[in-house]
Amino acid sequence: MNNAQDKNSDQKEAITHLGRVADIIFALAMAQCFLALDFPAKLQRPTNSEVIAFLLAQITPLTSYAIAFVIVGFYWLDHIKQFKYYKKSDTIHISLYLLYLMGMFLIPYSDTLVIYFPDNAIVKICFSINTTFIGLMSFLNWTYATHKHRLIFDEVSSKTIITTRWRILIEPIFSLLTIGVAILDQNWWEYVWFLLPIPYLWVEHIFGKGYIESYEQEKNYAEKEV
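Residues numbered from 1 in each chain as written. Predicted model: local features only at pLDDT ≥ 70, side-chain atom pairs only at ≥ 80, totals over all residues. Heavy atoms only, no water.

Caption draft 1: Here's a closer look at the overall build of the chain. When helices and strands are counted, the chain shows 10 helices and zero strands. Ordered by position in the sequence, the α and β elements of the chain form the string α-α-α-α-α-α-α-α-α-α. A buried classification covers 42% of the 226 residues belonging to the chain. Contacts in the chain between residues at least 24 apart in sequence constitute 82% of all its contacts with a sequence separation of at least 6. As presented, the chain carries roughly 13000 Å² of accessible surface, and 67% of it is formed by carbon and sulfur atoms. (Helix = DSSP H or I, 4+ residues; strand = E, 2+ residues; numbered from the N terminus. Buried < 20%, exposed > 50% of the residue type's maximum accessible area, 1.4 Å probe, protein only. Contact = heavy atoms within 4.5 Å. Areas by Shrake-Rupley, 256 points an atom, 1.4 Å probe, with all protein chains shown as cover.)

Below you can see the structure in the form of structure tokens.
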């Protein structure tokens, strides 16, 4: 009996540590996306034309930075929403989530390649493959954790599980579409990413605002488990 309680306690503690590690990775990924931007050499009293020329040259890198930041931000929001439902973790789940975080930490690298090679379709396709991998790993994590309520609270409804699953699939499916855009005309690749919020709004419109249990209900249930 004591062994079972100790194992359950360790699993609960594991999900807490995993959440902390994930928050750190997301924060570092967001910060490193900004560090990929290029800064000018220090000039003594630059002219207005030099300043304007530099700012215009930064439009493309800033666009790439905004895309990477938005993508990481959306995945971070999904991460927060999913972790509200977890009551514990296990070795398989942690392993899958570490692969997910590995892909997430590659985003700044993929973004840097896009900034340094803005007219190359191959690096843009690699970026899209990276985000597709992240989304698929997130889907595997959620599917494994929710199977027969393996790692989530018993009160989480089937509707929430299914809707969250659809929400997770938005980014990998969207990323696959951007690969096609890059192949057809890589100049449009950056701009297509700014359409990403549309499918999220569409999913929420279809399933309605009531597909997630209230935060207070989840909090009270978590306190009972403790």
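Caption draft 2: Up close: the layout of surface pockets. Taken as a whole, the second largest pocket spans an internal volume of roughly 200 Å³. In this structure, the second largest pocket is lined by 11 residues; those nearest its centre are Ile170, Ile173, Pro199, Trp202 and Val203. With six residues, the top contributor of residues to the lining of the second largest pocket is helix H7 (residues 158–185). (1 Å grid on protein atoms, 1.4 Å probe; cavity = no way out; pocket = protein on both sides within 12 Å on 5 of 7 lines; lining within 4 Å. Points joined across faces, edges and corners; volume = space filled by probe spheres on them.)

Caption draft 3: A look at the nonpolar core. Among the nonpolar cores identified, the biggest contains 47 residues, and Phe26, Tyr100, Met104 and Phe127 are the most heavily contacted of them. For this core, the secondary-structure elements that each account for two or more residues are helix H1 (2–35), helix H3 (59–83), helix H4 (91–105), helix H5 (107–116), helix H6 (121–146), H7, helix H8 (189–192) and helix H9 (197–207). Among the elements that take part in this core, H1 stands out by supplying eight residues, more than any other. When residues no more than four places from it in sequence are discounted, the contact partners of phenylalanine 127 are Ile67, Ala68, Ile71, Ile107, Ser110, Asp111, Val114, Trp189 and Trp193. (Core = buried A, V, L, I, M, F, W, Y, C linked by side-chain atoms within 4.5 Å.)

Caption draft 4: The arrangement of H6 in detail. Spanning 26 residues, H6 covers 37 Å between terminal C-alpha atoms, matching the ideal 38 Å at 1.5 Å per step. Looking at where H6 begins, the residue whose side-chain oxygen comes 2.8 Å from the main-chain nitrogen of isoleucine 122 is asparagine 120. Just beyond H6, the residue with positive phi is lysine 148, at close to 50°. (Expected span 1.5 Å × (residues − 1). Polar contact = N/O pair within 3.5 Å; in protein donor to acceptor, adjacent residues only side chain to side chain.)

Caption draft 5: Region of the structure containing the packing of H3 against H7. One can describe the packing of H3 onto H7 by two numbers: an axis separation of 11 Å at closest approach and a directional angle of 165°. It follows from the interaxial angle that H3 and H7 lie roughly antiparallel. Note that H3 runs across H7; the crossing there is left-handed. Of H7, the residues touching H3 (which contributes Ile71, Phe74, Tyr75, Asp78, Lys81 and Gln82) are Thr164, Arg167, Ile168, Glu171 and Pro172. Class assignment for the residues of the contact of H3 with H7 results in five nonpolar, two polar and four charged. (Axes fitted to C-alpha atoms, helices over the stretch in contact; angles between N-to-C directions. Parallel < 35°, antiparallel > 145°, perpendicular 65-115°, else oblique. Left-handed = near helix turned anticlockwise from the far one by under 90°. Nonpolar A, V, L, I, M, F, W, Y, C, P; charged D, E, K, R; others polar.)

Caption draft 6: The side chain of serine 175, seen in detail. Locating serine 175 in the fold gives a position in helix H7. Residue serine 175 is classed as buried on the basis of its relative accessible area of 0%. A polar side-chain atom of serine 175 sits 2.7 Å from a polar atom in the side chain of threonine 131. Those residues in contact with serine 175 that lie beyond four places of it in its chain are Ser128, Thr131, Thr132 and Trp193.

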